[in-house]
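What follows is each chain in one-letter form.
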Amino acid sequence: MRPSSDSSDLPTKVVLPKKKHGASADGWRHAVALCEKFVSRSDQKADALLNNLTTDISSEERRRCQRLFYGAVRHMRLIDHLLDTLISRPPRVQLRAMLAIALAEWLENIAAGAIPPPLSSGKKDDEGIPSVDFFPGLEKDESLPKIVDFTVERVKKALSPGEGKLVNAVLRRIPPLLTEILQSGSLGLKTSHPDWLVRRWIAERGSEWTERELLLNQTPAEPWLCWRNPTVSPPPSWTPAPIDTLPAAIDSDSTLSSTARLPRFFRLGVAAEWYIAHQALASGQAYAQDPATWLAPALADAQSGEAILDLCAAPGGKTCHLLTALGNDPAGLLVALDQPGPRINQLDENLRAWSTDDDGPEVHLVALNLMDAQAEELGAFHAVLLDAPCSNTGVIRRRPDIKLRLRPDDITNCVELQISLLTKAAEFVADGGRLIYSTCSLEPEENAGVVEQFLEANPEWRITANAESSPADTGFDGASVFRLERG
């Protein structure tokens, strides 16, 4: 069985490159179709659309489709502004999708080479004028004429000559308009983030950190693979990725044994063959995940022979780390719980691929709403991990459509749910055990704020360790983790 990917930039279906393709192997056309579906319905999720892409497409064209489609989603706010400014009457959806894909390709070209500013200190810098050149290739760009010609011909064939003329006129007027936006537009517009979120980050962390985070969010997420087999080496084209910034992000009252056995993560180099990566995923030798997912299991610090409860466990990235930490001791127990539905099936698939030793810890999957779970039935555990639902602001780089859907009220609603879930999770912790609270949000209300409210209502608990990651700070996805213990 093949572990599913939680990395937006790792294709999930692939065919061997030797297969020949005809007109169906057209990444541009498929990207337009996905974009058309995405803009037609507000509830569409980009990763779900891509995962449902036909398998009748080469791996090279799939990657092209993914790059163009995710580029359009990544720059969607800016693209909409450019098109709405230059087109007085809304074009039909297919034409707008074609324009969006053309602009996405161009914006990705001129954004290449943008350099994130270094974080000079931990202090806030609220007075600085934006210093990042988000599109350093604009002035010397030579790619737009080719993109225009290609798009015009596609539009003429698929739609009409008149619409081809419109595309030609609109795209050639884009550069001066973008220059004007870069000179006077908001940070949110330049980087296609909501203005309220940009203001929130500047107020909380300063303009320097915010600019760095915005730029990194506009950079395609790297596909990371965690290699589980210590006796077998991965393909030579995979680049080892040190994760030293993650243990350094941990603040703990005691030494964690988990930091002495760091997992091995790899980037897929430009020479990597995707079908080899998928063979490794299917065999359970590797799992696709960002290194920041290791932080929560690291603070859980599971030991051989312990009983561990993983709540909100799907799709299973953190669960696999917990299972590895338990070792081969058959006295160990891992219970993974999530709501009934497709996600629990993903979790089952991933654990079956990851767990190849029948003599190891006992593993149980429970399809149940956490709020309906009873301690009398599940029992008490040495460590309970709650990876709570959140606003996901720490993984915008990997899931760019988040910023298009997110609203300020979503954070407040998440906090209410998170407090309820954390209070419930505490019921399953044995005396002397650990309670781990984790999110992939960057918002303090969802992290320290939730923990503080929990501690006020439950003063017998205290924080014994915490960790935080963000693209701006560690280079990896956003994650905030707290370890709580009684006494």
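Attention here is on the structure that accompanies the text. Here the structure is a predicted model, which is why all the values come from computation and not from measurement.

In the structure shown here, the tally under the stated rule is 8 aromatic pairs. Both rings, one in F69 and one in Y70, keep their centres 5.9 Å apart while their planes meet at 65°; by these two values the pair is edge-to-face. Geometrically, the ring pair formed by W227 and W238 is edge-to-face, given 5.5 Å between the ring centres and 85° between the ring planes. Of this pair, W227 sits in strand β1 (residues 224–227) while W238 sits in strand β2 (residues 238–240), placing them 11 residues apart in sequence. The exposure class assigned to W238 is buried, which follows from its relative accessible area of 4%.

Moving on, we get to the pattern of salt bridges. One pass over the structure, following the stated rule, counts 23 salt bridges. The partner of E153 in a salt bridge is K156, with the nearest N and O atoms 3.9 Å apart. Placement of both E153 and K156 in helix α6 (residues 144–158) is noted, with a separation of 3 residues, approximately one turn of the helix. In this structure K156 comes out as partly exposed when scored by relative accessible area, which is 36%. When the shortest N-O distance is used, the salt bridge between E468 and R205 registers 3.1 Å. You can see E468 sitting in strand β11 (residues 461–469) and its partner R205 sitting in helix α10 (residues 195–205), a full 263 residues away along the chain. Classification of E468 as partly exposed rests on a relative accessible area of 34%. The structure contains a network of salt bridges with shared partners spanning D290, R397, R398 and D477.

Right, let's get into the sheet that holds β1. Strand order in the open sheet formed by 4 strands is β2-β4-β1-β5, and the pairing between neighbours is antiparallel. Lying at the two open borders of the sheet, with one neighbouring strand each, are β2 and β5 (286–288). Shown here is a sheet whose adjacent strand axes are inclined to one another by a mean of 35°, direction ignored. Inspection of the sheet shows β1 paired to strand β4 (residues 264–268) by 4 bridges, in the antiparallel sense. For W227, the partnering residue across the bridge sits in β4 and is R264. Seen against the sheet, helix α13 (residues 274–283) touches β1, β2, β4 and β5 and runs at an angle of roughly 110° to β5.

Our next topic: the environment of A313. Tracing the backbone shows A313 in the loop between β6 (307–311) and α15 (317–326). Taking relative accessible area as the criterion, A313 reaches 7% and is therefore assigned buried. Separated by 57 residues in sequence, A313 and L370 have C-alpha atoms that sit 11 Å apart. Leaving out residues up to four positions away in the same chain, A313 has contacts with T319, A336, L337, D338 and L347.

This part is about the side chain of T210. By secondary structure assignment, the location of T210 is in helix α11 (residues 207–217). Residue contacts for T210: discarding those within four places in its chain leaves V198, W201 and I202.

Turning next to the packing of helix α3 (residues 59–74) against helix α5 (residues 93–111). α5 packs onto α3 with a crossing angle of 90° between their chain directions and a minimal axis gap of 8 Å. As far as their axial angle goes, α5 and α3 are roughly perpendicular. Two secondary-structure elements touch here, α3 through R67, L68, F69, G71, A72 and R74 and α5 through A100, I101, A104, E105 and E108. Classifying every residue of the contact of α3 with α5 by side-chain character gives 6 nonpolar, 1 polar and 4 charged.

What counts, and at which threshold
- Counting starts from 1 at the beginning of each chain's written sequence and moves along it residue by residue.
- Where totals are concerned, whole chains, interfaces and linings use all residues; where local detail is concerned, this predicted model gives features only for residues with pLDDT of at least 70, and gives and counts side-chain atom pairs only at 80 or more.
- For the side-chain quantities, the full set of heavy atoms in the structure was used; hydrogens and water were omitted.
- In this scheme Phe, Tyr and Trp rings, the latter by its six-membered ring, pair at centre separations within 6.5 Å, and the angle between planes marks the pair as stacked below 30 degrees, edge-to-face above 60, and tilted otherwise.
- By the criteria applied, helices consist of DSSP H or I runs no shorter than four residues and strands consist of E runs no shorter than two, each listed in order from the N terminus.
- When a residue's accessible area, from a 1.4 Å probe over protein chains only, is under 20% of the maximum for its type it is buried; when over 50% it is exposed; and in between it is partly exposed.
- Note on definitions: salt bridges are taken to be side-chain nitrogens of Lys or Arg within 4 Å of carboxyl oxygens of Asp or Glu.
- For two strands to be treated as a pair, DSSP must find no fewer than two bridges joining them.
- Between N-to-C directions, angles cover 0 to 180 degrees, with each direction set by a line fitted to C-alpha atoms, over the stretch in contact for helices.
- Any two residues whose heavy atoms approach within 4.5 Å at even a single point are treated as in contact.
- When an angle is under 35 degrees it counts as roughly parallel; over 145 it counts as roughly antiparallel; between 65 and 115 it counts as roughly perpendicular; any other value is oblique.
- Ten residue types, Ala, Val, Leu, Ile, Met, Phe, Trp, Tyr, Cys and Pro, are classed as nonpolar, four, Asp, Glu, Lys and Arg, as charged, and the remainder, Gly among them, as polar.

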